[in-house]
Amino acid sequence: FCMQSSAKTVQEYLKELPEDRRQAINAVRGVILANLPNGYEECMSYGMIGYVVPHSIYPKGYQCNPKLPLPFVNLGSQKNHMALHLMCCYGDPKLKARLEKAWKDAGKKFDMGGGCLRFKKLEDVPLEVIGQFVANLPVDVYVRRIEKVFAEIAEARAAKKTAKAKPRETKPTKKKA
């Protein structure tokens, strides 16, 4: 269950949150902003706080919806947890493994799906790990990584279509006399 906000600005979004969640989201947001490489922009994205590669830098936009800028990180409050959506981890198991190792090395419980890192309170988050993670993905590196992932997805889809289109070879059956 995703609690998407209809807030038009980050400030409106933060005002909607309960105080404890506002403090936690603001702390994570502060670390992201302090470490965010040049080129990314903060905005509202998918009903959460988003950090995106704007169309001015990456005109293709997001593969799923090119009218939207390329998402990098989203930060939001869900029904049962808060979440960091790390788009850069989708399709990149090595990057996700590095994040998991750093998170666990900081003594925190790692609760992540494909790219959604869940936490219940600020104490569950190693802020320095988030800061380093964000800082280590400049826009050009992220765009190259995403282009590679998109290309791999397209290749896999094409291979699947080709495999379905090929007729199966059948072995001749022996008829009983």
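The structure we're discussing is the one just above.
Definitions and limits used
- Residues numbered from 1 in each chain as written.
- Predicted model: local features only at pLDDT ≥ 70, side-chain atom pairs only at ≥ 80, totals over all residues.
- Heavy atoms only, no water.
- Salt bridge = Lys/Arg side-chain N within 4 Å of Asp/Glu carboxyl O.
- Helix = DSSP H or I, 4+ residues; strand = E, 2+ residues; numbered from the N terminus.
- Buried < 20%, exposed > 50% of the residue type's maximum accessible area, 1.4 Å probe, protein only.
- Phe/Tyr/Trp six-rings, centres within 6.5 Å; stacked < 30°, edge-to-face > 60°.
- Expected span 1.5 Å × (residues − 1).
- Contact = heavy atoms within 4.5 Å.
- Core = buried A, V, L, I, M, F, W, Y, C linked by side-chain atoms within 4.5 Å.
- Pairing = 2+ DSSP bridges.
- Axes fitted to C-alpha atoms, helices over the stretch in contact; angles between N-to-C directions.

Caption draft 1: View of the pattern of salt bridges. What the rule picks out here adds up to ten salt bridges. The residue Glu 42 makes a salt bridge to Arg 29 at a minimum N-O spacing of 2.7 Å. On the criterion of sequence distance, the pair formed by Glu 42 in strand 1 (residues 41-45) and Arg 29 in helix 2 (residues 19-35) is long-range, its members being 13 residues apart. Taking the relative accessible area as the measure of exposure, Arg 29 reaches 13% and is therefore buried. Where Arg 145 meets Asp 92, a salt bridge forms, and the shortest distance between an N and an O atom there is 2.3 Å. With Arg 145 in helix 5 (residues 139-165) and Asp 92 in the loop between strand 4 (82-86) and helix 3 (93-105), the pair connects residues that are 53 residues apart, well separated along the chain.

Caption draft 2: The packing of aromatic side chains, seen in detail. Counted by the stated rule, this structure contains four aromatic pairs. Measuring from ring centre to ring centre gives 6.3 Å for Tyr 40 and Tyr 142, while their planes differ by 45 degrees; the resulting arrangement is tilted. With a gap of 102 residues between them, Tyr 40 in the loop between helix 2 and strand 1 and Tyr 142 in helix 5 connect regions that are remote in the sequence. Residues Tyr 40 and Tyr 142 agree in their burial class; the two are buried.

Caption draft 3: Examining helix 5 more closely. In a regular helix each residue adds 1.5 Å, so 27 residues correspond to 39 Å; helix 5 covers 39 Å between its end C-alpha atoms and thus fits that length. If you follow the buried residues of helix 5, they end up packed against strand 2 (48-53) and strand 3 (70-77).

Caption draft 4: Main features of unusual backbone geometry. The phi angle at Tyr 46 is positive, at roughly 55 degrees, despite the residue not being glycine. Topologically, Tyr 46 is positioned in the loop between strand 1 and strand 2.

Caption draft 5: Inspection of the side chain of Asn 74 at higher detail. Within the fold, Asn 74 resides in strand 3. A relative accessible area of 4% places Asn 74 in the buried class. Excluding residues within four positions of it along the chain, Asn 74 makes contact with Ser 45, Tyr 46, Met 48, Ile 49, Gly 50, Tyr 51, Ala 83, Leu 84 and His 85.

Caption draft 6: Quick peek at the nonpolar core. Counting residues in hydrophobic clusters, the biggest one holds 46 residues, and the most contacted among them are Ile 32, Phe 72, Leu 86 and Leu 99. In contact with Leu 86, other than residues within four places in its own chain, are Phe 72, Val 73, Leu 99, Met 112, Gly 115, Leu 117 and Phe 133.

Caption draft 7: Expanded view of the sheet that holds strand 3. The sheet built from five strands is open, its strands ordered 1-2-3-4-5 with antiparallel pairing. Taken across any chain shown, the strands that pair with only one partner, and hence form the sheet edges, are strand 1 and strand 5 (116-119). Pairs of neighbouring strands in the sheet enclose a mean axial angle of 20 degrees, with direction left out of account. As judged from the five bridges shared by strand 2 and strand 3, these two strands associate in the antiparallel manner. Residue Val 53 lies in a different strand from strand 3, and its bridge partner there is Leu 70. Relative to strand 3, helix 2 is tilted by about 155 degrees, and along the sheet it contacts strand 1, strand 2, strand 3, strand 4 and strand 5.

Caption draft 8: Quick look at the pairing of strand 1. Two elements, strand 1 and strand 2, share five bridges in a ladder whose sense is antiparallel. Bridge pairing in strand 2 places Glu 42 opposite Tyr 51. What sits between the antiparallel neighbours strand 1 and strand 2 is a turn of two residues, in which Tyr 46 has the positive phi angle 55 degrees.

In short, the description is geometric, and any link to function would need to be established separately.
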